[in-house]
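In case you want the letters, here they are:
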Amino acid sequence: MLVLASFRPRPMNLAAVADPALLSAASALPPHYVGQEELLAALRARWSGHHFNLDRLDQLHRAVGVEGRHLALPLADYEGLDSFAKANRAWVEVASALGEKAARLALDRAGLGPGDVDRIFFVSTTGIATPSVDALLTNRLGLRDDVKRTPIFGLGCAAGVAGVARAADVLRAFPGEVALLVSVELCSLTLQRDDFSIANAIATGLFGDGAAAAVIAGADRGSGPRIERTRSVFYPNTEDVMGWNVVEGGLRIVLSAQIPSLVRERIGGDVDAFLRSSGVSRTDVRQWICHPGGPKVLEALAETLGLTRDALARTWRTLEKVGNLSSASVLFVLEQTLEGAASGDTGLMLAMGPGFSTELVLLRW
């Protein structure tokens, strides 16, 4: 009789696993820029014949602190998007082109070409496609036919940080590989023209369109700031805080006023626990790479973490200049940070999104 000895897995020596490197980040914006006042005027004209408080719309748009946004299409073309099918076709077309632009720039900055990419991660929450957009990008970029594709849908604003984290987690096991992360969010194509809710009014003033990409390499393939640790924090029974309701006209925004309260209640403790696990504290963090969720969210974040406005200057500037670009926004902030960080700096990437959840990444220069 064959007797099998009990098997006990050998604990992994984490100290022996070298950290992946963040080689580059790049952003891309559609050419169709519209100032906030022009966009507000278009919405007022669209909704003036309905039972809708236009003064309240003005107030909400001006409160978000956004000067203007880049749109996937010329403003006049949105009137023709009278179905989810039409809006989603536009999403696929623009997402492919804009994602390619950001990806090529990120690869060029990393000193690499499409043939060097072993894995591509694609994140978005503003449209759907099968095959997913990463397949279209594989063709457009000329990636190798053995590239490994990972599309990620539904993480919303958290997906930029989550994409960096998931790529880094995989590259710890494959230190000789290179990963390309691409995020494209075309929030304007989700506009629900017959939704007169406060959430939709805020969304029309806050969210914009854009793409970003990052190149991440295993420890054997490149040098740069090291992705030392990642963490996800899920908050049970908060799925109604942020997301989409899928309706006949497409994706209808779910945006709770509860978000700033959640930030105040949870972020401080979650960040401190994460930093402690790496032997650092808030005061050690020199680079705060935070998602620009909106003024109330950023004010709550600064309050709970004890941060000055200067500590979040890049995040505030991104919100002001291009709006909240969902998952892509934090990569815009990362791009600026890579240009200004110094050797020896510690950085924290942070974003919250549907779930409700928080994504955290610790960087060391």
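Rules used in this analysis
- Residues numbered from 1 in each chain as written.
- Predicted model: local features only at pLDDT ≥ 70, side-chain atom pairs only at ≥ 80, totals over all residues.
- Heavy atoms only, no water.
- Helix = DSSP H or I, 4+ residues; strand = E, 2+ residues; numbered from the N terminus.
- Rg over C-alpha atoms; globule rule 2.2 N^0.38 Å.
- Buried < 20%, exposed > 50% of the residue type's maximum accessible area, 1.4 Å probe, protein only.
- Contact = heavy atoms within 4.5 Å.
- Areas by Shrake-Rupley, 256 points an atom, 1.4 Å probe, with all protein chains shown as cover.
- Lys, Arg positive; Asp, Glu negative; His and termini not counted.
- Charge placed at Lys NZ, Arg CZ, Asp CG, Glu CD.
- Phe/Tyr/Trp six-rings, centres within 6.5 Å; stacked < 30°, edge-to-face > 60°.
- UniProt positions renumbered as here; feature names shortened; annotations may be inferred.
- Polar contact = N/O pair within 3.5 Å; in protein donor to acceptor, adjacent residues only side chain to side chain.

Caption draft 1: Structural view of the overall build of the protein. Helix and strand counts for the protein come out as 10 helices and 13 strands. Computed over the C-alpha atoms, the radius of gyration of the protein is 21 Å, within 12% of the 21 Å expected from 2.2 N^0.38 for a compact globule of 365 residues. Out of the 365 residues in the protein, the part that is buried amounts to 54%. Expressed as a percentage of contacts within the protein between residues at least 6 apart in sequence, the contacts between residues at least 24 apart total 80%. In the structure as shown, the protein presents an accessible area of about 16,000 Å², 52% of it carried by carbon and sulfur atoms. Taking the average place of the 36 positive charges on the side chains of the protein and the average place of its 40 negative ones, the gap between the two points comes to 4 Å.

Caption draft 2: Broad picture of the environment of Gly154. Relative to the assigned elements, Gly154 resides in the loop between strand S5 (148–153) and helix H5 (159–173). Here Gly154 falls in the partly exposed class, since its relative accessible area comes to 28%. Taking the C-alpha atoms as reference points, Gly154 and Val123, 31 residues apart in sequence, are found 8.4 Å from one another. Those residues in contact with Gly154 that lie beyond four places of it in its chain are Ser124, Thr125 and Pro354.

Caption draft 3: Quick peek at the packing of aromatic side chains. For the coordinates displayed, the defined rule picks out one aromatic pair. Plain terms: the ring middles of Tyr235 and Phe356 are 6.4 Å apart, the flat faces sit at 40° to each other, and that makes the pair tilted. Of this pair, Tyr235 sits in the loop between strand S8 (226–234) and strand S9 (242–247) while Phe356 sits in the loop between strand S12 (346–353) and strand S13 (357–364), placing them 121 residues apart in sequence. With relative accessibility at 1%, the residue Phe356 sits in the buried group.

Caption draft 4: Main features of the UniProt feature "active site" (unreviewed entry) in the protein. The feature "active site" (unreviewed entry), as annotated in UniProt, sits at Cys157 in this numbering. Residue position: Cys157 is located in the loop between S5 and H5. Given the relative accessible area of 5%, Cys157 is considered buried. Residues contacting Cys157, with those up to four places away along its chain left out, are Phe207, His291, Asn324, Ser326, Ser327, Ala351, Met352 and Pro354.

Caption draft 5: Just the environment of Ser232, in detail. Its location among the elements puts Ser232 in strand S8. The exposure class assigned to Ser232 is partly exposed, which follows from its relative accessible area of 42%. A distance of 3.4 Å separates polar atoms of two side chains, one belonging to Ser232 and the other to Arg166. In terms of polar contacts, Ser232 uses its side chain to reach the side chain of Glu359, at 2.9 Å.

Caption draft 6: View of the side chain of Thr337. Along the polypeptide, Thr337 turns up in helix H10 (residues 329–340). For Thr337, a relative accessible area of 0% translates into the label buried. Reaching out from Thr337, the side chain makes a polar contact with the backbone oxygen of Val333 at a distance of 2.8 Å. Apart from residues lying up to four places away in sequence, Thr337 is in contact with Gln287, Ile289, Arg314 and Trp365.

Caption draft 7: Structural detail: helix H2 (residues 54–63). Those residues of H2 not exposed but buried are Leu54, Leu57, Asp58, Leu60 and His61. For H2, the elements touching its buried residues are helix H1 (36–47), strand S3 (68–71) and helix H6 (198–206). Positive backbone phi, approximately 70°, marks Gly65, located one or two places after H2.

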